[in-house]
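Remarks on the overall topology
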Amino acid sequence: MANRCQFENSNDIGVFSKLTNAYCLVALGGSENFYSVFESELGLSMPVIHCSIGGTRIIGRLTAGNKNGLLVPNTCTDQELKQIRNSLPDEVKVKRVEEKLSALGNCVACNDYVALIHSDLDKETEEIIADTLGVEVFRTTVAQQVLVGTYCCFNNQGGLVHPLTTVEELDELANLLQIPLCAGTVNRGSDIIASGLVVNDIAAFCGLDTTSTEITVIEKIFKLQDKNKQNMEVQIRQDMMQELE
Amino acid sequence: MNQGNQDKRKQRDYEEDDSEEEEIEQPINVHNKGEMEEEVNLDFVFLDPNQKQFHSIKSFINGYLEGISFKSSELANIICDQVELGTMVGQEDEDNVFGFTTILNIGEIKSNAIGEILHYVDTKSQQYNKQHQQLQHIFQTPKKVGLFINERILNLAPQLVPILHNQLKEDINWLQKEDPSNSLTNLDYLLVITKCFKDNDQQKQTQKKSTSDLNDLIFQKFEDFVFLQKSVVSFRFLSEGSKQTQQVSDYMKTEQDGQICYRLIYLIQLKDYLTQIANIEQYPNMLSVHDCKKSIGIK
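What counts, and where the lines are drawn
- Residues numbered from 1 in each chain as written.
- Chains lettered and ligands numbered in written order.
- Predicted model: local features only at pLDDT ≥ 70, side-chain atom pairs only at ≥ 80, totals over all residues.
- Heavy atoms only, no water.
- Helix = DSSP H or I, 4+ residues; strand = E, 2+ residues; numbered from the N terminus.
- Buried < 20%, exposed > 50% of the residue type's maximum accessible area, 1.4 Å probe, protein only.
- Contact = heavy atoms within 4.5 Å.
- Areas by Shrake-Rupley, 256 points an atom, 1.4 Å probe, with all protein chains shown as cover.
- Patch = residues over 30% accessible without salt bridge, like charges linked within 9 Å, V, L, I, M, F, W, Y side chains within 5 Å.
- Salt bridge = Lys/Arg side-chain N within 4 Å of Asp/Glu carboxyl O.
- Buried area = accessible area lost by both parts, 1.4 Å probe.
- Polar contact = N/O pair within 3.5 Å; in protein donor to acceptor, adjacent residues only side chain to side chain.
- Nonpolar A, V, L, I, M, F, W, Y, C, P; charged D, E, K, R; others polar.
- Pairing = 2+ DSSP bridges.
- Axes fitted to C-alpha atoms, helices over the stretch in contact; angles between N-to-C directions.
- pLDDT = per-residue confidence, 0-100.
- Left-handed = near helix turned anticlockwise from the far one by under 90°.
- Phe/Tyr/Trp six-rings, centres within 6.5 Å; stacked < 30°, edge-to-face > 60°.
- Lys NZ or Arg CZ within 6 Å of the ring centre and 35° of its normal.
- Disulfide = S-S within 2.5 Å.

The next subject is the overall build of chain B. The helix and strand tally for chain B stands at 11 helices and nine strands. For chain B, the proportion of its 299 residues judged to be buried stands at 52%. Residue pairs in contact within chain B that sit at least 24 positions apart in sequence constitute 75% of those at least 6 positions apart. About 15100 Å² of surface is accessible on chain B, with carbon and sulfur atoms providing 46% of the total.

Let us now look at a nonpolar patch on the surface. On the surface, a cluster of nonpolar side chains totalling about 320 Å² of accessible area is made up of Met232, Ile236 and Met240 of chain A. Take Met240 of chain A: it is sitting in helix α11 (residues 227–244).

Below, the discussion takes up the interface of chain A and chain B. Counting residues at the interface gives 16 residues for chain A and 19 residues for chain B. Taken together, both faces of the contact between chain A and chain B bury some 1200 Å²; the carbon and sulfur share is 35%. In terms of surface lost to chain B, no three residues of chain A exceed Glu8, Asn9 and Arg188 of chain A, which account for 47% of the buried area on that side. On inspection of chain A and its partner chain B, the count reaches zero salt bridges. Counting across the interface, chain A meets chain B through eight residue pairs in polar contact (both at pLDDT 80 or more). The residue makeup of the side of chain A that touches chain B, split by class, is one nonpolar, 10 polar and five charged.

Turning our attention to the pairing of strand β9 (residues 259–269) of chain B. Residues and elements named next belong to chain B. For β9, a buried count of 11 out of 11 residues is recorded, marking the element as mostly surrounded by other parts of the structure. Taken together, the 11 bridges between strand β6 (residues 189–199) and β9 define a ladder with antiparallel strand orientation. Residue Asp199 lies in a different strand from β9, and its bridge partner there is Gln259. Strand direction decides the pairing type here: strand β8 (residues 233–238) and β9, joined by six bridges, are antiparallel. Bridge pairing in β9 places Phe235 opposite Ile265.

Our focus in this paragraph is the sheet that holds strand β5 (residues 64–65) of chain A. Remark on secondary structure: sheet strands pair via backbone hydrogen bonds, oriented parallel or antiparallel. Residue and element names in this part refer to chain A. Strand order in the open sheet formed by three strands is β5-β6-β7, and the pairing between neighbours is mixed. Each of the sheet's edge strands pairs with one partner strand only, and the pair in question is β5 and β7 (93–97). Across the face of the sheet, helix α6 (residues 123–133) comes into contact with β5, β6 (69–73) and β7 while running at roughly 150° to β6.

Residues and elements named next belong to chain B. Of the residues in chain B, 74% reach a pLDDT of 70 or more, and the chain-wide mean stands at 77. Of all secondary-structure elements in chain B, the lowest mean pLDDT belongs to helix α1 (residues 2–15), at 40, while strand β4 (residues 97–105) reaches the highest, 93. Contacts of residues 203–211 to residues separated by more than four positions or lying in other chains number four contacts, the stretch itself having pLDDT below 50. Of the regions scoring below 50 in pLDDT, residues 242–252 engages in 25 contacts with residues more than four places distant in sequence or in other chains. Of the two predicted TM-score estimates for the complex, the pTM is 0.76 and the ipTM is 0.72.

This paragraph deals with the packing of helix α6 (residues 161–178) of chain B against helix α9 (residues 270–280) of chain B. All names here are of chain B. Running from amino to carboxyl end, α6 crosses α9 at an angle of 145°, the nearest separation of the two axes being 10 Å. In terms of crossing hand, the pair formed by α6 and α9 is left-handed. Residue-level inspection shows Pro162, His165, Asn166, Leu168, Lys169 and Ile172 of α6 in contact with α9, the latter providing Leu270, Tyr273, Leu274, Ile277 and Ile280. Here the residues of the contact of α6 with α9 are counted per class, giving eight nonpolar, two polar and one charged.

The subject of this paragraph is the packing of aromatic side chains. Each pair of aromatic rings is reported with the distance of its centres and the angle of its planes. Scanning all chains against the criterion turns up 14 aromatic pairs over all chains. The ring of Phe54 of chain B has Arg188 of chain A sitting right over it, with the charged end atom 3.8 Å from the ring centre. We note Arg236 of chain B situated over the ring of Tyr262 of chain B; from NZ or CZ to the ring centre the distance is 4.7 Å.

All names here are of chain A. Counting across every chain of the model gives zero disulfides over all chains. Here Cys5 is not cross-linked by a disulfide; its sulfur's nearest cysteine counterpart is in Cys206, at 7.3 Å. With no disulfide of its own, Cys107 has Cys152 as its nearest cysteine by sulfur position, at a separation of 12 Å.

What follows deals with the side chain of Thr210 of chain A. All names here are of chain A. If you trace the backbone, Thr210 turns up in the loop between β15 (204–207) and α10 (212–221). Owing to a relative accessible area of 3%, Thr210 belongs among the buried residues under this scheme. A distance of 2.7 Å separates the side chain of Thr210 from the backbone oxygen of Gly207, its partner in a polar contact. The residues touching Thr210, leaving out its near neighbours within four places in the chain, are Arg4, Asn187, Arg188 and Ile215.

Residues and elements named next belong to chain A. Read across the sheet, three strands follow the order β8-β9-β10 without closing on themselves; strand pairing throughout is mixed. Sheet topology places β8 (108–110) and β10 (136–139) at the edges, where each strand pairs with a single neighbour. Averaged over all pairs of adjacent strands, the angle between strand axes in this sheet comes to 20°, irrespective of strand direction. As paired strands, strand β9 (residues 114–117) and β10 are joined by four bridges and run parallel to one another. Within β10, the position partnered with Val114 by the bridge is Glu136. Contacting β8, β9 and β10, α6 crosses the sheet at an angle of about 150° to β10. Along the sheet, helix α8 (residues 167–177) makes contact with β9 and β10, crossing β9 at roughly 135°.

A word on unusual backbone geometry. Residues and elements named next belong to chain A. A positive phi angle is found at Gln144, which is not glycine, with a value near 60°. Within the element layout of this structure, Gln144 appears in the loop between β10 and α7 (148–151). You can call Gln144 exposed: its relative accessible area is 69%. With a phi angle near 50°, Asn187 is a residue other than glycine that sits in the positive phi range. Tracing the backbone shows Asn187 in the loop between β13 (181–183) and α9 (193–196).

Applying the stated criterion across every chain yields a total of seven salt bridges over all chains. The salt bridge involving Lys123 of chain A is made with Glu126 of chain A; its shortest N-O contact spans 4.0 Å. One end of the pair is Lys123 of chain A and the other is Glu126 of chain A, both in helix α6 and three residues apart, which spans about a single turn. On the basis of relative accessible area, Lys123 of chain A is assigned to the exposed category, the value being 53%. Under the relative-accessibility criterion, Glu126 of chain A is labelled buried at 15%. Lys71 of chain B is the salt-bridge partner of Glu116 of chain B, the closest N and O atoms lying 3.8 Å from each other. Residue Glu116 of chain B is located in helix α4 (residues 112–128), and its partner Lys71 of chain B is located in the loop between α2 (54–61) and α3 (72–81); the two are separated by 45 residues in the primary sequence. Glu116 of chain B sits in the partly exposed class, given a relative accessible area of 27%. Here Lys71 of chain B falls in the partly exposed class, since its relative accessible area comes to 38%. The structure contains a network of salt bridges with shared partners spanning Lys123, Glu126 and Arg139 of chain A.

Shown next as structure tokens:
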């Protein structure tokens, strides 16, 4: 299910939160409304952790992670790192990365199996990503943009990319990632996909301004629809085919 | 009715040779540590509100009520739709807006966002305003009160500011000629919600007279100083920082490099506003870079 929410009037959910299949990080200082949307959807299945990175609230853009691990930039203080480590499940490896490009969330897009990274990321960082997150790493661009973490967003079932991505690029990326991809927008036409949207295999959260068309696209590509609804659709299609025959 | 106004507006554009879209070339001197002065020419364009600017406008008004959640998307929509009154400054062929001014009739517009803003003003006025009765009296005729929204990026060239206000004045004059029944032509008062700062050490000084009190304040937008002098009702209060987090976003900071942030709310009569616009034109030339920094609250 795709849910709409807002962080203090800002529709940039992906800036203030990080969602994976094992945990969810949220920034401090938001209203109770924001947290309650996350907790009601995810509450029992995974921990929702309040934290800050380097004293800032833009944790979604600074960190990269999946169910296997979490990478934080060198701006993260020892205290914050300790707090995050303590709050996360034991299976999740947390590592601080010494990298010039410290906005890891903008440079890395990943699910539990594959990661796309910024073309200029260090070799060392690439190895850390492969090791900590347990993924296969590819250096690539999305719609000629190097900030892959900003302009695309994917879970284990599907992905959404920048609206100006060409069909060839879409095919190429879909091949690399082995999941279906779709070009689209969030938050009423914004092309900065990952700042307006966080998604895992069971839920997605996007800004309040997201139109119903955009929500439909999101639910379809990330396969978040109710199983009942999906079965119904298949049944209707089968019935229609029978009638035509 | 609105549709009629929009058509008239477009007509005016064609008739008056794009007076709504003006290219102003502002040679701005860049002092480069004792090296030769470099002139950088920048072109700014003044535009009517339109829906493409929605995202920029929303980012400006997100912090309007000190981070309190309100229907800012609705408000941004209303601003973008009101083509007949309002000016944006941006660059050619880009949807990003660097600043804008507009006036919304709070009595006419049926919106939750306006309701929330009025509720905020009323609550704060009850707590901090010595002239609360006067404010309530003025709000009894909401159709005579306009919400004056004037936001821009912090370091926008000050030479552009008088133009923004002058455009508003021209818009009102045009409306009075073309569509005198429009609710925006019958406004008596403008409500302004803005920000100002005070140096931290001055708090310890003894009480000063009210006239010099105004001079102690550091205004984020220099025109507030000019308009405040003619305001009928004004009050300020400490900006509420977030209590849950140590680091707060800019618009909620209570202290900024030894300065205390206040929210300032004032009511000014429309006719006074229109006359005072002439007085702000002298400031951009007077302001050196240093003064600019001081007037916008940076040490």
